[in-house]
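Coordinate analysis (summary)
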Amino acid sequence: MATINDNYLKLKAGYLFPEIARRVSAFAADHPDAPIIKLGIGDVTEPLPAACRDAIIEATKEMGDRSTFKGYGPEQGYLWLRDKIAQQDFQSRGCEIDASEIFISDGSKCDCGNILDIFGNDNKIAVTDPVYPVYVDTNVMAGNTGEFQEGRYKGLVYLPITAENNFTAEIPREKVDLIYLCFPNNPTGATATKEHLKAWVDYAQQHGSLILFDAAYEAFISDPDLPHSIYEIEGAKDCAIEFRSFSKNAGFTGTRCAFTVVPQNLMGKAQDGSAVKIWQLWNRRQCTKFNGVSYIVQRGAEAVYSQAGQAQIKELVSFYLENAKIIREQLTAAGIAVYGGINAPYVWVKTADGLSSWDFFDKLLFNCNVVGTPGSGFGAAGEGYFRISAFNSRDNVNEAMKRITEKFTA
Ligand code: PLP
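Residues numbered from 1 in each chain as written. Predicted model: local features only at pLDDT ≥ 70, side-chain atom pairs only at ≥ 80, totals over all residues. Heavy atoms only, no water.

Looking only at helices and strands, the protein chain features 12 helices and 17 strands. For 410 residues, the compact-globule estimate of 2.2 N^0.38 gives 22 Å, and the protein chain sits close to it at 22 Å. Principal axes of the C-alpha set define a box for the protein chain whose edges measure 60 × 55 × 55 Å. In the protein chain, buried positions account for 52% of the 410 residues. Here the analysis covers contacts within the protein chain between residues at least 6 apart in sequence; of these, 73% occur between residues at least 24 apart. Of the roughly 18,100 Å² of accessible surface on the protein chain, a fraction of 50% belongs to carbon and sulfur atoms. Across the protein chain, 40 positive and 50 negative side-chain charges occur, with their mean positions spaced 2 Å apart. (Helix = DSSP H or I, 4+ residues; strand = E, 2+ residues; numbered from the N terminus. Rg over C-alpha atoms; globule rule 2.2 N^0.38 Å. Buried < 20%, exposed > 50% of the residue type's maximum accessible area, 1.4 Å probe, protein only. Contact = heavy atoms within 4.5 Å. Areas by Shrake-Rupley, 256 points an atom, 1.4 Å probe, with all protein chains shown as cover. Lys, Arg positive; Asp, Glu negative; His and termini not counted. Charge placed at Lys NZ, Arg CZ, Asp CG, Glu CD.)

Let us now look at the pairing of strand β3 (residues 125-129). Counting buried positions over the five residues of β3 gives five, a clear majority of the element. Summarising the sheet, β3 and strand β6 (residues 156-160) pair through five bridges and their orientation is parallel. Across the sheet, Val127 pairs through a bridge with Tyr158, a residue of β6. In terms of strand pairing, β3 meets strand β7 (residues 178-182) through two bridges, oriented parallel. Across the sheet, residue Ala126 finds its bridge partner in β7, namely Ile179. (Pairing = 2+ DSSP bridges.)

In space, the seven strands of this open sheet follow the order β2-β10-β9-β8-β7-β3-β6, with mixed pairing throughout. Strand pairing shows two members of the sheet lacking a second neighbour, β2 (102-105) and β6, which therefore form its edges. Pairwise comparison of adjacent strand axes, ignoring direction, gives a mean angle of 20 degrees for this sheet. Where strand β9 (residues 240-245) lies against strand β10 (residues 258-261), four bridges are found, and the strand directions are antiparallel. (Axes fitted to C-alpha atoms, helices over the stretch in contact; angles between N-to-C directions.)

Moving on to the environment of Arg256. Following the sequence through the fold, Arg256 ends up in the loop between β9 and β10. As a C-alpha pair, Arg256 and Asn369 span 113 residues in sequence and 32 Å in three-dimensional space. Side-chain polar atoms of Arg256 contact the backbone oxygen of Thr253, separated by 3.0 Å. (Polar contact = N/O pair within 3.5 Å; in protein donor to acceptor, adjacent residues only side chain to side chain.)

The next thing to look at is helix α10 (residues 307-333). For an α-helix, the turn length of 3.6 residues means that residues three or four places apart are oriented alike. Its 27 residues give α10 an end-to-end C-alpha distance of 39 Å, which sits within 8% of 39 Å, the value for a rise of 1.5 Å per residue. Buried residues of α10: Gly309, Ile313, Leu316, Val317, Tyr320, Leu321, Asn323, Ala324, Ile326, Ile327 and Leu331, and no others. The secondary structure elements touched by the buried residues of α10 are α3 (50-63), β13 (338-340), β14 (346-350), β17 (385-389) and α12 (394-409). Directly after α10, the chain includes Gly335, whose backbone phi takes a positive value near 85 degrees. (Expected span 1.5 Å × (residues − 1).)

Our next topic: the site of the ligand. Around the ligand, the structure places 14 residues, and the nearest of them are Asp214, Tyr217, Ser245, Ser247 and Lys248. Arg256 is positioned with one of its side-chain polar atoms (N or O) 2.8 Å from an oxygen atom of the ligand. In terms of residue class, the shell around the ligand is made up of five nonpolar, five polar and four charged. (Near = heavy atom within 4 Å. Nonpolar A, V, L, I, M, F, W, Y, C, P; charged D, E, K, R; others polar.)

Here it is, written out as structure tokens:
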């Protein structure tokens, strides 16, 4: 019998979403007529922007003609897309990122996990608590942690993000090698100021650490003072990798396109102590294990950068942000404390009456037929909180808020 990667056995069974599904189906079986509204998951609901659809149709036609047909493309992505990203997402904000530093992929989730291929197993790794679970689970799979005990994996450094520290990860006192940061944050909806990111970049430079910065929700930043990219901070090109995605700004969750920025001058350390270009390793990893995103999808992503595409994604993001505003205002009016949801599609709710995250989940399900996500599912420090997603139709958001306000203000 072939042996297996025993690290997988350390993984806590996919608990959060299966448990939500179990409780919702049990409730639906007992209450078949209950009009359940799901504000739990982070998937988008609105269709692809017209500019992207048109580009995808055109590209599909090209694939049907021998003279314009495309086979394998560059593993790093087509230059016409990488150039537009470099110019419009980075250079226009004063970040000196060029096309060679951009790697197109089929998703940030994959990149966040795959990036561990190029790092050693002896790094000290910090994650926030609560956290997007992919960072933690991929480290467990890679053998970078010990066992799961009392809500946490041994070997990881957890940085609590709570109301007490304004939902910004506190800089650790000890030295860590890899740090995962996600702003705007999933699940808390919190953002990071330039000063906060500068403190992280200073820390990373001082300790030779590398920041893995997940900016999947960058498009939701509406405050002009907030940084969209970590490269807006001086020195970040020497200590940070950034993950971006078309999933949430342009509705590509099912279409699949994202990118990762690996600066050319970023260095890592080999076992013999010599310095090695991280870019070179990631490039090699992608060339060996990845065959690029389809031409058709990359053309769809390119359309995001057209004038029409920019206007359409702005409209899409504004639609979800308006949902978030409604959620924030209605819950606040019902006497419930809320955070986030201003520059992010997630509203982070303090559970009412000191209920645990799961008790609040049950209360909303049974009394309002509304489903959200218990904060404790994102980490021990998420206990007592609850995530409500703004990714939904306006009707569903209005109806869900009406039911909650009626119950909680009654
Ligand atoms: N990063 C964060 C913080 C996310 O919340 C998500 C999806 O919900 C992703 C990355 C995944 O993005 P993608 O669809 O590009 O894989």
